[in-house]
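Architecture and fold: a report
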Amino acid sequence: MTARSVRRGIPLARPSIGERERALVAEVLASDVLALGPFARTFEEAIAALAGRRHGIACSSGTAGLHMVVRALGIGDGDEVITTPFSFVASTNCVLYERAIPRFVDIEDDALGLDPGLIEGAASSRTKAILPVHVFGRPARIDAIAATAERRGWNLIEDACEALGSRLQGRPMGSFGQASVFAFYPNKQITTGEGGVVVTDDDALARNLRSLRNQGRDEDGTWLRHVQLGFNYRLDELSAAIGVGQLERIEELQAGRRRVAAGYADRLRGLDWLRLPFVGDGEDVDWFVYVVRLDPTIDRRRLMARLEEVGVPSRPYFSPLHLQPFLRDAFHFSEGDFPVTERVAATTLALPFSATLSGEDVAYVAEALVDAVDAQFHV
Ligand SMILES: Cc1ncc(COP(=O)(O)O)c(C=O)c1O
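This structure is a prediction, so every number in the text was calculated from the model and none was measured.

Our next topic: the domain arrangement of the protein chain. The domain boundaries assigned to the protein chain delineate domain 1 (19–248) and domain 2 (250–377). Put simply, the middle of domain 1 and the middle of domain 2, counted by C-alpha atoms, are 25 Å apart. Counting residues at the interface gives 42 residues for domain 1 and 37 residues for domain 2. Summed over both sides, the interface of domain 1 with domain 2 buries roughly 3100 Å², with 64% coming from carbon and sulfur. Our enumeration of links across domain 1 and domain 2 arrives at 4 salt bridges. One salt bridge connects Glu 283 with Arg 138, and the closest N-O pair in it is separated by 2.8 Å. Applying the counting rule to domain 1 against domain 2 returns 15 residue pairs in polar contact (both at pLDDT 80 or more).

Put into structure tokens, the structure is as follows:
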């Protein structure tokens, strides 16, 4: 970076909000229907269609969607759910909300999803479900996981919050679980601000989810008749309108992310201290974040500080769940419990990534990264 000026304003993530989204939000405002209206219905149906599912149930966040699914599947006190410690905290919190117990299994080093070979070792007579996460947009080994779930009669709850648009052998992520959940926070492939959609092929489950999100009303939403304890997990119309606009632009947004990912790969390929994001056979990944892996000899903290100095934000991604203070205390986890997760988490670095990142910015980030690592090895 010596001969060049510091480039300012490269964001780690950035939503792309266009004229269409603005127009649709204006339409909602003009209509006076700000909740329980047509946009949420349009959005959930379109997301279900993308995932090849019969039903979509829009809700206020991915977390809300996961929570409703755990509740709707009758998972409760003392039941166990096999899941991954290499995730965002919501995939475990949704289990804890219902006083069920997350049983972590370690991950695979390349696919980054929970390791199918470790599932049986974590099973018990209380196991009710398995909850894999498609990390960073790339598929977990969902075929093997689904086969085990099927054989053992467990529910499969698919956390596809990071994986809208990714495919395995042509099949969309989000099409594998009894219920699968997408999320639309502004750093996701498409956004609604806050929001989520649960998809499923199960008619009864879909009915129940619609009731749960709407304060436990019965299916037709009868004014003040509540048939069960529910939540207010509805998606408002302004958010849904943004989502409808984003879906109209999804190909443009996907192409932008593909361009940026290819730009990084071109510039960072072949470096002996860096691993590019892994893509396996038959996988078509629409990245949610672009996470490279550093050689363990690199001091990541110093590297990030140096990148920050030249205007490049970067982050470790994720931090292991079993080492989060509240989970560590509750379940007496300690370092070394899930060694692959810990080893991977210690070397990840998320680079600036969005559909609108310019080619110049990609080049700048890649060059800054190489310079910063060179500087570390040559002091
Ligand atoms: C793997 C995973 N699960 C669940 C969620 C929860 O989604 P939300 O932030 O919409 O509640 C996220 C989103 O950040 C996620 O990345």
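From this point, the narrative continues.
Another point: the pattern of salt bridges. Opposite charge on two side chains makes pairing possible when the charged atoms of those side chains draw close. On inspection of all chains with the given rule, the structure shows 24 salt bridges. Between Arg 141 and Glu 108 there is a salt bridge, with the nearest N and O atoms lying 2.8 Å from each other. Of this pair, Arg 141 sits in the loop between strand S4 (127–131) and helix H6 (142–152) while Glu 108 sits in the loop between strand S3 (101–104) and helix H5 (119–122), and the two are 33 residues apart along the sequence. Put simply, Asp 109 and Arg 343 hold a salt bridge, and the shortest N to O gap is 3.6 Å.

What follows deals with empty space enclosed by the protein. This model, assessed by the stated rule, comprises 1 cavity of 30 Å³ or more. Size it by volume and the largest cavity reaches roughly 150 Å³. When its residues are assigned to classes, the lining of the largest cavity shows 8 nonpolar, 6 polar and 3 charged. Formed jointly, the lining of the largest cavity draws a minimum of three residues from each of two domains, domain 1 (19–248) and domain 2 (250–377).

Judged by pairing direction, the sheet is antiparallel, and its 3 strands sit side by side in the order S10-S12-S13 without closing on themselves. What marks the edges here is a single partner per strand, and that holds for strand S10 (274–275) and strand S13 (348–351). Where S10 lies against strand S12 (residues 290–294), 2 bridges are found, and the strand directions are antiparallel. Looking at the pairing, Arg 275 lines up with Arg 293 of S12. Sheet strands in contact with helix H10 (residues 300–309) are S12 and S13, and its direction is about 15 degrees off that of S13.

Time to look at the environment of Arg 217. In this structure, Arg 217 sits in the loop between helix H7 (203–213) and helix H8 (237–248). As for Arg 217 and Gln 228, which are separated by 11 residues in sequence, their C-alpha atoms are 7.1 Å apart.

What follows covers the site of the ligand. Close to the ligand lie 14 residues; Gly 62, Thr 63, Asp 159, Glu 162 and Lys 188 are nearest. Between the ligand and Thr 63 there is a distance of 2.4 Å, counted from an oxygen atom to a side-chain nitrogen or oxygen. Between Lys 188 and the ligand, the recorded distance is 2.7 Å, taken from a side-chain N or O atom to an oxygen atom. For the ligand, whose free accessible area comes to 380 Å², the fraction covered by protein is 92%. Residue contributions to the shell around the ligand peak at 3 residues, all from helix H3 (residues 62–72). Residue classes in the shell around the ligand are distributed as 6 nonpolar, 5 polar and 3 charged.

Reading the values: rules and limits
- Position numbers for residues count from 1 along each chain, tracking the sequence in the order it is written.
- Only residues with pLDDT of at least 70 get local features here, since the model is predicted, and only at 80 or more are side-chain atom pairs given and counted; chain-wide, interface and lining totals rely on the full set of residues.
- Excluded from the side-chain calculation are hydrogens and water; included are all heavy atoms of the structure.
- Those domain boundaries reflect an automatic or database domain assignment.
- Residues are treated as being in contact if the distance between any of their heavy atoms lies within 4.5 Å.
- Computed with a 1.4 Å rolling probe, the buried area is the accessible surface lost when two parts are put together, summed over both parts.
- When a carboxyl oxygen of Asp or Glu lies within 4 Å of a side-chain nitrogen of Lys or Arg, that pair is called a salt bridge.
- In protein, a polar contact means a hydrogen-donor-capable atom and an acceptor-capable atom, both N or O and within 3.5 Å, with residues adjacent in sequence counting only if both atoms are side-chain atoms; elsewhere, any N or O pair within 3.5 Å suffices.
- Starting at the N terminus, helices and strands are each numbered in turn, a helix being any DSSP run of H or I of at least four residues and a strand any DSSP run of E of at least two.
- Here a cavity denotes grid points, spaced 1 Å and computed from the protein atoms alone, that fit a 1.4 Å probe unable to get out, and a pocket denotes an open set having protein on both sides within 12 Å along at least 5 of 7 lines; residues with an atom within 4 Å of a point are the lining.
- Grid points are joined across faces, edges and corners, and a volume is the space filled by probe spheres set on the points.
- Think of it as three bins: nonpolar holds Ala, Val, Leu, Ile, Met, Phe, Trp, Tyr, Cys and Pro, charged holds Asp, Glu, Lys and Arg, and polar takes everything else, Gly as well.
- Paired strands are those between which DSSP finds at least two bridges.
- Only the contacting stretch of a helix is used when fitting its axis, a line to C-alpha atoms as for every element, and angles between N-to-C directions run 0 to 180 degrees.
- By convention in this text, a residue qualifies as near a molecule or strand provided that one of its non-hydrogen atoms is within 4 Å of it.
- Reported accessibility uses the Shrake-Rupley method at a 1.4 Å probe radius. Residues are deemed covered only where the shown protein chains occlude them.

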